[in-house]
2 protein chains.
Amino acid sequence: MEKVRVAVVGIGCRGQYMMEHCLLDMDNMVVTAVCDTYEDRVKWGVDAVVRHGQPAPFASTNWHDVLNKDLADAVMILSSWESHVPIAIEAMQKGIAVGMEVGGAYSIDQCWDLVRTYEQTGTPFMFLENCCYGRIEMMVMNMIKQGLFGEIVHCEGGYCHDLRDEIAFGKENRHYRLRNYLHRNCENYPTHELGPIAQILDINRGNRFLSLVSVASKSRGMNEYAKQHDNVNPALQTASFAQGDVVTTVIKCANGETITLSLDTTLPRAYSRRFTVRGTLGMYMEDNNSIYLDSDFTPEDHWCWSKNWNNAEKYLEKYEHPVWEKYLKEGLRGGHGGMDGLVYDAFIEAVRNGTPCPIDVYDAAAWMAVTPLSEMSIAKGGAPVDFPDFTNGAFCERI
Amino acid sequence: MEKVRVAVVGIGCRGQYMMEHCLLDMDNMVVTAVCDTYEDRVKWGVDAVVRHGQPAPFASTNWHDVLNKDLADAVMILSSWESHVPIAIEAMQKGIAVGMEVGGAYSIDQCWDLVRTYEQTGTPFMFLENCCYGRIEMMVMNMIKQGLFGEIVHCEGGYCHDLRDEIAFGKENRHYRLRNYLHRNCENYPTHELGPIAQILDINRGNRFLSLVSVASKSRGMNEYAKQHDNVNPALQTASFAQGDVVTTVIKCANGETITLSLDTTLPRAYSRRFTVRGTLGMYMEDNNSIYLDSDFTPEDHWCWSKNWNNAEKYLEKYEHPVWEKYLKEGLRGGHGGMDGLVYDAFIEAVRNGTPCPIDVYDAAAWMAVTPLSEMSIAKGGAPVDFPDFTNGAFCERI
């Protein structure tokens, strides 16, 4: 097919951002249908498509209506976390390729449902984890593949993003985070940091997540934020938020590596994905943007970061990932510094060419499973809980 | 007493460093006895005392001999980890004040033995955790006490120190770390980072450690290091090190806070104690040396550390801890940037004046207990293990 016909489901803040900054500029796809629960968002979507010089799309407030092969070859699911999997499953059943935005799962069963539906239908499925296409993440991956870090033994990551404003105005802005923070205590958004780490550690391709433990701090950030801000609903000053302010999770892998994750969204801080990779010969740490290679350093350097921190960019000249080299030559496209353009393009190209999606249903299931597993571990006082092997043993041989 | 007479036990690398950089310059104490298992180290100690213009001390290779009230008012225990507690207990029983260097415990029983001996004898006991006197740690503590960070909900710390060289040459240098790394898998050195955090969270003074989970990565760093260095004993290339390269521990406190610790000593990296404090209004992070206060920042600052990192020193002008203000006026003394002088001085002054030791036996027991608890948690696949309450309930009321 020349251009993939895409139905966009979910035109809230993320959907609007993605349409505006990425989807409507791509020359290998066309938005033929838009859908959201709310009329005004649907109208925004239609207007955006027309404003970009494309024919008015089919529009509906019912997602079942846009999952129609006469309308669309693929669906991009940008709606609330809770709706991702049901929409993805129905689309696969109807033979409509699925590009599913990220978020945690609500149950392990739901992860299995995704996997089984894919296995039964063979419909293309891709998990749209943009951070797997981050420039620094890809450079580090490139350095690892060239052996510069030695054997990898430990990684860290986090979703460290002060979302107090977004959460506090969840009701007014019809956003899904508020309800999740009131009722759930878990690593609710693990995949931005875990995606690149899982790729580095060959998860589902010779390795797998074996077990995790999660521990949550008390919840104080949202109450305090409501007290400090007059424009926030005063009920939130004393509302009982189930979600702890900081959730720390440690995953153990089949090949012996550990991964530490932090969910950290309701206290003051600057944004970070805490991307950290530790090998026997070198490391990268995002929080001070440092590459540290045994081969580059003298013993005096060992005593202090600050002489060498913020040095990661100097490695780009030599170790820029080929995907980014090409991308920069052709001109950046898409939001969030270019990652969005790359991940959406990868999905559309896989659909166009009938090639495998680079982030597949087994990746989605394993990464999203962190959320319900962490919820149970926290509830059990940090007890280790088991990861399912969604490949049922195929991970030993898959590439 | 005018000058406290001190017996120094343990004159290995740490003992020599402390005598040379701190103990022999203090005007409120005098070294009257020196002891080490090895003759050559004892001789080094005698020579050092004499070189500093003091009378030759009593010397022995048997620590029982120097625990003698005719010789010494206090003992400073700077020997191998394994010997700390037995020496401390005998000294307390003999009425000799104990300044005990840091390290993890080998069993929970041994922590109880320390506590009970102290309770039975009333002999002064201080845990010599120098990092509680770190300049930045104390500034942060000062800011917290003034309410600038709001309510504290989460802290992090680590002993992140590339010790591959020290461990690899443990046999040649008669150092205790090698044997510990071969046979134990645990958070073996928790107190440098945990001490200041415990003080911030009022542990044993209105709060306590409740439980922990620990997970260890595989062990690859030491084998690889031996392969890369011709001068290292080749047996270490394939030796089976029990100790995982990175151990992550999460502690839950009675008042709901979480603490994450990293032991990270056998992979390439720069030194860090990863000191991090998170409150409802502000934070500090050592790895990029940043203070982040809600009140100081605009929304644009939230997206990137790098605009504001390395800003902690600018807060020293306003929030320097009074102890450090005084210390800097009087001139720095002692090793490790001044911390050693402060902690040793605090101990000697408590002994001289008969006042309580600021880091007491309950602190030592709770902080050192992390080691055997982490060992059992790792062995059980990360299962949560219980902290004893070494105060038996007194923590609710103690100040």
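Quick caveat, the model's predicted, so the values are computed rather than measured.

Peer 1: Just give me the short version of the overall build of chain A, but keep the residues and values in it.
Peer 2: Per the secondary structure count, chain A includes 15 helices and 14 strands. Here the C-alpha radius of gyration of chain A, 21 Å, is about what a compact globule of 399 residues would show, namely 21 Å. With the principal axes as the frame, chain A shows a C-alpha extent of 65 × 50 × 40 Å. Of the roughly 14400 Å² of accessible surface on chain A, 49% is carried by carbon and sulfur atoms. Here chain A contributes 36 positively and 53 negatively charged side chains, and the mean placements of these two sets differ by 2 Å.

Peer 1: So, the side chain of A:Ser60: which residues are in play, and what are the values?
Peer 2: For A:Ser60, the location among the structural elements is in strand β3 (residues 58-60). Sequence-distant contacts of A:Ser60, that is, excluding residues within four places in its chain, are made with A:Val34, A:Cys35, A:Asp36, A:Val42, A:Asp65 and A:Val66.

Peer 1: With reference to specific residues and values, describe the packing of helix α5 (residues 108-121) of chain A against helix α14 (residues 361-368) of chain A.
Peer 2: Residue and element names in this part refer to chain A. Remark: α5 packs on α14, axes separated minimally by 9 Å, with the N-to-C direction vectors making an angle of 175°. The angle between the axes of α5 and α14 places the two elements in the roughly antiparallel class. The residues of α14 that touch α5, namely those facing Cys111, Leu114, Val115, Tyr118 and Glu119, are Val361, Tyr362, Ala365 and Met368. Taken together, the residues of the contact of α5 with α14 sort by class into eight nonpolar, no polar and one charged.

Peer 1: Break down the relation of the copies chain A and chain B for me, citing the residues and quoting the values.
Peer 2: Turning chain A through 180° and shifting it by 0.0 Å along the axis lays it on chain B, with an RMSD of 0.0 Å. Viewed as a symmetry operation, the transformation between the two copies matches a two-fold axis. Counting the interface residues of chain A, we find that 100% of their copies in chain B are interface residues as well, pointing to one common contact surface.

Peer 1: Hey, could you go over the packing of aromatic side chains for me, with residue numbers and the actual values?
Peer 2: Under the definition given, this model contains 21 aromatic pairs over all chains. A centroid spacing of 5.7 Å and a plane angle of 50° characterise the contact between B:Phe275 and B:Tyr284, whose relative ring orientation is tilted. Residue B:Phe275 shares its accessibility class with B:Tyr284, and that shared class is buried. An aromatic cluster of three or more residues is present, and its members are A:Trp81, A:Tyr159, A:Tyr176, A:Tyr189 and A:Tyr271. Cation over ring: B:Arg174 sits above B:Tyr38, and NZ or CZ is 4.2 Å from the ring centre. The lysine or arginine in question, B:Arg177, covers the ring of B:Tyr189, its NZ or CZ lying 4.8 Å from the ring centre.

Peer 1: Describe the pattern of salt bridges, and please don't skip the residues or the numbers.
Peer 2: Residues and elements named next belong to chain B. Here the structure, examined in full by the defined rule, presents 50 salt bridges over all chains. The partner of Glu320 in a salt bridge is Arg135, with the nearest N and O atoms 2.7 Å apart. Placement of the pair is Glu320 in the loop between α11 (316-319) and α12 (322-330) and Arg135 in helix α6 (residues 135-145), with a sequence separation of 185 residues. For Glu320, a relative accessible area of 9% translates into the label buried.

Peer 1: Explain the interface of chain A and chain B residue by residue, including any values.
Peer 2: Listed as interface residues are 59 residues of chain A and, on the opposing side, 59 residues of chain B. Of the roughly 4800 Å² buried between chain A and chain B on both sides combined, carbon and sulfur atoms contribute 58%. In this assembly, chain A and chain B are joined by twelve salt bridges. B:Lys218 serves as the salt-bridge partner of A:Glu151, at 2.9 Å between the closest nitrogen and oxygen. In this assembly, chain A and chain B are joined by 30 residue pairs in polar contact (both at pLDDT 80 or more). Counted by class, the side of chain A that touches chain B contains 21 nonpolar, 20 polar and 18 charged residues.

Peer 1: Describe in detail the domain arrangement of chain A, supporting the description with residues and values.
Peer 2: All names here are of chain A. Domain boundaries in chain A define domain 1 (4-130) and domain 2 (132-320 + 360-396). A straight line from the C-alpha centre of domain 1 to that of domain 2 covers 26 Å. Contacts between the two partners involve 28 residues from domain 1 and, on the opposite side, 32 residues from domain 2. Summed over both sides, the interface of domain 1 with domain 2 buries roughly 2700 Å², with 65% coming from carbon and sulfur. Viewed at the interface, domain 2 and domain 1 are joined by two salt bridges. Between Asp40 and Arg174 there is a salt bridge, with the nearest N and O atoms lying 2.8 Å from each other.

Peer 1: I'd like to hear about helix α2 (residues 39-51) of chain A, residue by residue, with values.
Peer 2: The end-to-end C-alpha distance of α2(A) is 18 Å, a good match for the 18 Å that 13 residues give at a rise of 1.5 Å each. The positive-phi residue at the C-terminal boundary of α2(A) is A:Gly53, with phi of around 80°.

Peer 1: Would you mind going over the sheet that holds strand β11 (residues 276-279) of chain B in detail, with residue names and values included?
Peer 2: Residue and element names in this part refer to chain B. Strand order in the open sheet made by the eight strands is β13-β12-β11-β7-β10-β9-β8-β14, with mixed pairing throughout. With partners counted over all chains shown, the strands left at the sheet margins are β13 (290-293) and β14 (385-386), one partner each. Here strand β7 (residues 152-160) pairs with β11 via four bridges, running antiparallel. Opposite His154, over in β11, you have Arg278 as the bridge partner. The strands touched by helix α9 (residues 191-200) are β7, β8 (209-216), β9 (246-253), β10 (258-264) and β11; relative to β7, the strand with the most contacts, the crossing angle is about 165°. On top of the sheet, helix α15 (residues 370-379) reaches β8, β9, β10 and β14; it is set at about 55° to β8, its chief contact.

Peer 1: Account for unusual backbone geometry, with residues named and values stated.
Peer 2: For A:Asn204, which is not glycine, the phi torsion reads 70° and is therefore positive. As for its placement among the helices and strands, A:Asn204 is situated in the loop between α9 (191-200) and β8 (209-216). Of note, the phi angle at B:Asn392 is positive, near 45°, even though the residue is not glycine. Summarising the element assignment, B:Asn392 is placed in the segment after β14.

Peer 1: Now, about the sheet that holds strand β5 (residues 97-100) of chain B: what can you tell me, with residues and values included?
Peer 2: Residue and element names in this part refer to chain B. The strand order across the open sheet formed by six strands is β3-β2-β1-β4-β5-β6, and the pairing between neighbours is parallel. Looking at which strands have only one partner, the edges of the open sheet turn out to be β3 (58-60) and β6 (125-127). Sheet twist, expressed as the mean angle between neighbouring strand axes with direction ignored, is 20°. Note that strand β2 (residues 29-35) and β3 share three bridges and pair parallel. From the neighbouring strand, Ala33 faces β3, where its bridge partner is Phe58. Packing of helix α2 (residues 39-51) onto the sheet brings it into contact with β2 and β3, and relative to β2 it is tilted by some 160°.

Peer 1: With reference to specific residues and values, describe the environment of B:Gly393.
Peer 2: For B:Gly393, the position within the fold is in the segment after β14. Given a relative accessible area of 34%, B:Gly393 falls into the partly exposed group.

Peer 1: A description of the confidence of the model for chain A should follow, citing residues and the corresponding values.
Peer 2: Summing up the model confidence of chain A, the mean pLDDT is 96 and the portion of residues at 70 or higher is 99%. For this predicted complex, the interface confidence reaches an ipTM of 0.96, while the overall pTM sits at 0.97.

Peer 1: Quick rundown of helix α6 (residues 135-145) of chain A? Include the residues and the values.
Peer 2: Because each turn of an α-helix spans 3.6 residues, side chains separated by three or four positions in sequence point in the same direction. Residue and element names in this part refer to chain A. Among the eleven residues in α6, nine count as buried, and that is most of the element. Along α6, the residues that are buried comprise Ile136, Glu137, Met138, Met139, Val140, Met141, Asn142, Met143 and Ile144. Following α6 by one or two positions, Gly147 adopts a phi angle in the positive range, close to 85°.

Peer 1: Could you give me a rundown of the side chain of A:Gln243, with the residues and numbers involved?
Peer 2: Tracing the sequence through the fold places A:Gln243 in the loop between α10 (221-228) and β9 (246-253). Here A:Gln243 is in contact with A:Tyr181, A:Arg184, A:Asn185, A:Cys186, A:Asn188, A:Ser219 and A:Leu263, once residues within four sequence places are set aside.

Peer 1: Let's hear about the environment of B:His192: which residues, and what values?
Peer 2: Residues and elements named next belong to chain B. The residue His192 is located in helix α9 in this model. Along the sequence, His192 and Asn130 sit 62 residues apart, while their C-alpha atoms lie 7.4 Å from each other. Separated by 2.7 Å, the side chains of His192 and Glu129 make a polar contact. At 3.3 Å, the side chain of His192 forms a polar contact with the side chain of Tyr189.

Rules of the game
- Residues numbered from 1 in each chain as written.
- Chains lettered and ligands numbered in written order.
- Predicted model: local features only at pLDDT ≥ 70, side-chain atom pairs only at ≥ 80, totals over all residues.
- Heavy atoms only, no water.
- Helix = DSSP H or I, 4+ residues; strand = E, 2+ residues; numbered from the N terminus.
- Rg over C-alpha atoms; globule rule 2.2 N^0.38 Å.
- Areas by Shrake-Rupley, 256 points an atom, 1.4 Å probe, with all protein chains shown as cover.
- Lys, Arg positive; Asp, Glu negative; His and termini not counted.
- Charge placed at Lys NZ, Arg CZ, Asp CG, Glu CD.
- Contact = heavy atoms within 4.5 Å.
- Axes fitted to C-alpha atoms, helices over the stretch in contact; angles between N-to-C directions.
- Parallel < 35°, antiparallel > 145°, perpendicular 65-115°, else oblique.
- Nonpolar A, V, L, I, M, F, W, Y, C, P; charged D, E, K, R; others polar.
- Least-squares fit on C-alpha atoms with pLDDT ≥ 70 in both.
- Phe/Tyr/Trp six-rings, centres within 6.5 Å; stacked < 30°, edge-to-face > 60°.
- Buried < 20%, exposed > 50% of the residue type's maximum accessible area, 1.4 Å probe, protein only.
- Lys NZ or Arg CZ within 6 Å of the ring centre and 35° of its normal.
- Salt bridge = Lys/Arg side-chain N within 4 Å of Asp/Glu carboxyl O.
- Buried area = accessible area lost by both parts, 1.4 Å probe.
- Polar contact = N/O pair within 3.5 Å; in protein donor to acceptor, adjacent residues only side chain to side chain.
- Domains from an automatic or database assignment.
- Expected span 1.5 Å × (residues − 1).
- Pairing = 2+ DSSP bridges.
- pLDDT = per-residue confidence, 0-100.

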